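A look at the structure
The residues making up each chain are set out below.
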Amino acid sequence: MTSFDSSPQLNVWRALLALAVVFVMLATTGWTAVRNHKHAASPLEATLSAWERGHINGRPLPDPDGPAGRLAHFFASLDAQDRARLAARYPLAVGNMNGAPVELRYRANNIALGKARKIEQRRMHDKRLSPLGQQEAERRMKRFGVMMRPGRQVLSFDPMGSGRIAEVFGDLDKASRVSVVVPGVDTNLLTFERTFRKYSAPVGMAKALYGAERAASPRARTAVIAWADYTAPVGLGVDAATSMRAEDGAVRLDSLVRGLPGHSPVALYCHSYGSVVCGVAARDLPSRVSDIAVAGSPGMRADSASQLGTGARVWATRDGDDWIADVPNMEVGGLGHGADPVSRDFGARVLSARGAVGHTGYFEPGTESLRNFADIGIGSYRSVRCADGDDACREGFSGTTAA
C-alpha cells in the first residue's frame, strides 16, 4: 500500500528547501517581477471600449462586464441578423462575453482569429522585427489558421501577448454535464495544442477526456472545455511560486462557469498550477460546480479540502514518479501553495493514477487517472478507482451514478 504522508524529519528538510528556493528565486528573478508588473492595453480591451460606446437599433449596448444572465437576456431580445452584426462589428468583445450565445461566440472568435492571422502575416515580413520575432509571427499565424478550421469551437480568444484561448468539444448548449480542463505553467496560444506529447497540452487533455467520457457512457450528453483563458506563469520562477496569476485566473474561471448555458453540473480538472487556480477560485464558484479534481498539484492554497470553502467534491491524484512530489508543500511569505492535496490530512478523495508517467501523463489514454476523470465527468462515482486499492475515495456514494 502506498502512503502519501511524509515523516516529520522529511517535512523539516522540505521546509529548509523551501526557504532556499525562496532566496534563490528572489535573487535571480526579483520580487519586483511580482510587485511591478505593468499592465498593457490589449485588442480585446480596445474592442470592449468601442462596445461600451456602441448602439444597436438606437439602443445602447449593455455593460460587457454585467451579469451573464442580463447579457443573455439582451442577446435573446435581438434577431439573428442583429446578433450577427454585433459579432462582425465587435468580434473580440462578443467572442469573450459570458452570457452571449455559445454559437455566436464561436462565430465571433472565428472572425477575430481571421483578423489576428492577417496581422501576423504582415508581421512575418516586418523588417523591424528580428528573425526570431518574424518566426514567432509565422508560428502564431499558422496557429490561428488551425484554430479557424471547420468544426473548431473557440469559446474565448485574446491575441494579446502570449495569448488566451478556450475551446469546446461536444455540444455545450445541450450537455447534461460539463467538464473544464484547467492547465498549468507555460500555457499560451502556441502551447495550447501539440503534435508531440499532445496529451500534455490543453487540447489533447480535453479531447482525451471527452473521448473517455463518451466511451464510458455513449449516451451521456457531455461537453469538455479546454480552458487556457488565463495568463499562466512562464517557467518555474516567482510567478509559479505565488498565487498572483492564480488570483486573476480564479476570477476568470468563476466568470466562465457563471456564463455557461443551462444548469448542468460542472466538473473542474486542474493540472499542476491549474490546481492553484482552482483552489483560489473554489470558495466563490457557483454551486453547479459539483467536482474539483486536481492532478500533479503543488497545493491549492489551503491546509485542507474543507478549508477551500466549497460544497464540491474534492479529488486528488498523483503518479509515483511525478517530480511535483519533491516540491515543498508549504507557504512562506506568499511563496509556495500549502498542503499536499494527496496527503491523508488534506481530506480529498485520492484517486489512482496507475499508468500515468511523469508530471504530464494524467490524460494519456489507457491510464487509470483518465478513466477516473471520465467517471467523475459522467457522474459514475462508484466506478472510480482509489489510490490505495481500497474504497476510501468512494465513501458515501450509493448506486452507480450520482445526480
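Being a predicted model, the structure only gives us computed values, none of them experimental.

Attention shifts here to the nonpolar core. Counting residues in hydrophobic clusters, the biggest one holds 46 residues, and the most contacted among them are Leu172, Val180, Ile225, Trp227, Leu253, Leu268 and Ile292. Once residues within four sequence positions are removed from consideration, Ile225 is found in contact with Leu155, Ala166, Glu167, Val168, Leu172, Val178, Ser179, Val180, Val181, Ala206, Leu256 and Leu260. Formed by 44 residues, the second largest nonpolar core is a distinct cluster that contains Leu44, Val154, Ala208 and Ala212.

Phi is positive for Ser272, close to 55°, though the residue is something other than glycine. Unlike most non-glycine residues, Arg301 shows phi in positive territory, near 60°. Note that Arg301 resides in the loop between strand S8 (289-295) and strand S9 (313-317). Judged by relative accessible area, Arg301 falls into the partly exposed class, the value being 28%.

When the pLDDT values of the chain are averaged, the result is 89; 88% of them are 70 or greater. Every residue in residues 1-6 is under pLDDT 50, and counting partners more than four places away or in other chains gives 15 contacts. Scored below 50 in pLDDT, residues 19-38 shows 18 contacts in the model against residues more than four places distant or in partner chains.

Successive side chains on a regular strand alternate, one facing one side of the sheet and the next facing the other. Most of strand S5 (residues 177-182) is tucked away, with six of its six residues classed as buried. The two faces of S5 match: Arg177, Ser179 and Val181 on one face and Val178, Val180 and Val182 on the other face are all buried. In this view, the connection linking S5 to its parallel neighbour strand S6 (residues 222-228) by way of helix H9 (residues 202-216) has right-handed handedness. Across five bridges, the pairing between S5 and strand S7 (residues 266-271) is parallel. The partner of Val182 across the bridge, within S7, is Cys270.

Overall, mixed pairing links the eight strands, which are arranged S3-S4-S6-S5-S7-S8-S9-S10 in an open sheet. Each edge of the open sheet is held by one strand with a lone partner, namely strand S3 (154-158) and strand S10 (349-350). One ladder, built from six bridges, connects S7 with S8; its direction is parallel. Bridging across to S8, Ala267 finds its partner in Asp291. Strands in contact with H9 are strand S4 (164-170), S5, S6 and S7; relative to S6, the strand with the most contacts, it is inclined by about 165°.

Here Ser352 lies in the loop between S10 and helix H13 (368-377). A residue is classified by how much of its surface remains accessible, and Ser352, at 7% relative accessible area, is buried. Here Ser352 is in contact with Thr317, Glu368, Ser369, Asn372, Arg385, Cys386 and Ala387, once residues within four sequence places are set aside.

The next subject is the pairing of S6. Among the seven residues in S6, seven count as buried, and that is most of the element. As defined by bridge partners, S4 adjoins S6 across six bridges and the pair is classed as antiparallel. When the bridges of S6 are listed, Phe169 appears paired with Val224.

Rules of the game
Residues numbered from 1 in each chain as written. Predicted model: local features only at pLDDT ≥ 70, side-chain atom pairs only at ≥ 80, totals over all residues. Heavy atoms only, no water. Core = buried A, V, L, I, M, F, W, Y, C linked by side-chain atoms within 4.5 Å. Buried < 20%, exposed > 50% of the residue type's maximum accessible area, 1.4 Å probe, protein only. Contact = heavy atoms within 4.5 Å. Helix = DSSP H or I, 4+ residues; strand = E, 2+ residues; numbered from the N terminus. pLDDT = per-residue confidence, 0-100. Right-handed = clockwise from strand over helix to strand, strands pointing away. Pairing = 2+ DSSP bridges. Axes fitted to C-alpha atoms, helices over the stretch in contact; angles between N-to-C directions.

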